[in-house]
Amino acid sequence: MTDWMIEYVYDDRSDERDRLRPEHRAHLASLAAAGSMPAYGRFDDEGPAGALLIGRAETVADVEAMLDGDPFWTAGLITERRIRRWPAVWA
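Scope of this entry: the structure provided in the associated data block. (Residues numbered from 1 in each chain as written. Predicted model: local features only at pLDDT ≥ 70, side-chain atom pairs only at ≥ 80, totals over all residues. Heavy atoms only, no water.)

1. Description of the environment of Asp70
Condition: Secondary structure elements follow DSSP: runs of H or I no shorter than four residues count as helices, runs of E no shorter than two count as strands, and numbering proceeds from the N terminus. Partly exposed residues are those whose accessible area sits between 20% and 50% of the maximum for their type, while under 20% is buried and over 50% is exposed, using a 1.4 Å probe and protein chains only. Two residues form a contact once any of their heavy atoms are found within 4.5 Å.
Within the secondary structure, Asp70 is located in the loop between α2 (60–67) and α3 (71–74). The buried category is assigned to Asp70, whose relative accessible area is 0%. Setting aside chain neighbours within four positions, we find Asp70 in contact with Tyr8, His24, His27 and Leu28.

Right under this line is the structure:
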C-alpha cells in the first residue's frame, strides 16, 4: 500500500462548506475506518482555505476514486486537488 499526500484548496464559499461539513467529515471518517485515510484536517492559519489529507491506496486512480465521493468535491467547493505519492517515514 502506498501513502499519498492530498492537498485541497477551497473556494470562497465558506457558508456552503459549513453546511456540508457534517457530510464531508462523515465521508472522511468512513475512509479512515476502512484504513484508507489515516489523517486529515483543515489548515488553520492565515493562508488560503484548504486541507491536508493522507491517503492509502495502490494507485493515484484509487485515491481519486475514493475522493470523488467527498461532498465538498461534488459540490464544487474544492478548486484544486493535488495528489502526490508520499513515501512517508512514520515514527
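2. Things to note about the nonpolar core
Counted only if it meets this: Nonpolar cores are built from buried Ala, Val, Leu, Ile, Met, Phe, Trp, Tyr and Cys residues. Side-chain atoms within 4.5 Å join them into one set.
One finds Ile6, Tyr8, Leu53, Val63 and Leu67 to be the most contacted residues of the largest nonpolar core, which totals 18 residues. Among the elements of the structure, β1 (2–10), α1 (14–33), β3 (50–57), α2 and β4 (78–85) are those that each provide at least two residues to this core. Sort the elements by how many residues they give to this core and β1 lands first, with four residues. Ignoring anything within four residues of it in the chain, the contact list for Val63 reads Trp4, Ile6, Ala57 and Ile83.

3. Comments concerning the sheet that holds β3
As a reminder, the rule being used: Being paired, for any two strands, means DSSP has found at least two bridges between them. Every axis corresponds to a line fitted to the C-alpha atoms, with the helix fit spanning only the stretch in contact, and the corresponding angles, defined between N-to-C directions, vary from 0 to 180 degrees.
A sheet is described by the order of its strands in space; here four strands give the open sequence β2-β3-β1-β4, paired in antiparallel fashion. The sheet terminates laterally at β2 (39–42) and β4, the two strands that pair on one side only. Each strand axis lies, on average, 20 degrees off the axis of its neighbour in the sheet, ignoring direction. Both β2 and β3 contribute to a ladder of four bridges, which runs antiparallel. Bridging from a neighbouring strand, Tyr40 pairs with Leu53 of β3. Helix-sheet contacts for α1 involve β1, β2 and β3, and the interaxial angle to β2 is about 165 degrees. Helix-sheet contacts for α2 involve β1, β3 and β4, and the interaxial angle to β4 is about 145 degrees.

4. Notes on the pattern of salt bridges
What counts here: Salt-bridge detection follows one rule: a side-chain nitrogen of Lys or Arg within 4 Å of a carboxyl oxygen of Asp or Glu.
Using the criterion set out here, one finds eight salt bridges in the structure. Linking Asp11 and Arg13 is a salt bridge whose minimum nitrogen-to-oxygen distance equals 2.6 Å. By relative accessible area, which is 15% here, Asp11 ends up buried. Two residues, Glu16 and Arg19, come together in a salt bridge whose shortest N-O distance is 2.6 Å. Of this pair, Glu16 and Arg19 are both found in helix α1, three residues apart, which corresponds to roughly one turn of the helix. Under the relative-accessibility criterion, Glu16 is labelled partly exposed at 24%.

5. Section: the pairing of β1
The buried fraction of β1 amounts to seven of the nine residues, a majority that puts the element mostly inside the structure. Of the strand pairs in this sheet, β1 and β3 are connected by eight bridges, and their pairing is antiparallel. Of the residues in β3, the one forming a bridge with Asp3 is Arg56. Pairing analysis gives seven bridges linking β1 to β4, with the strands arranged antiparallel. Bridging from a neighbouring strand, Ile6 pairs with Ile83 of β4.

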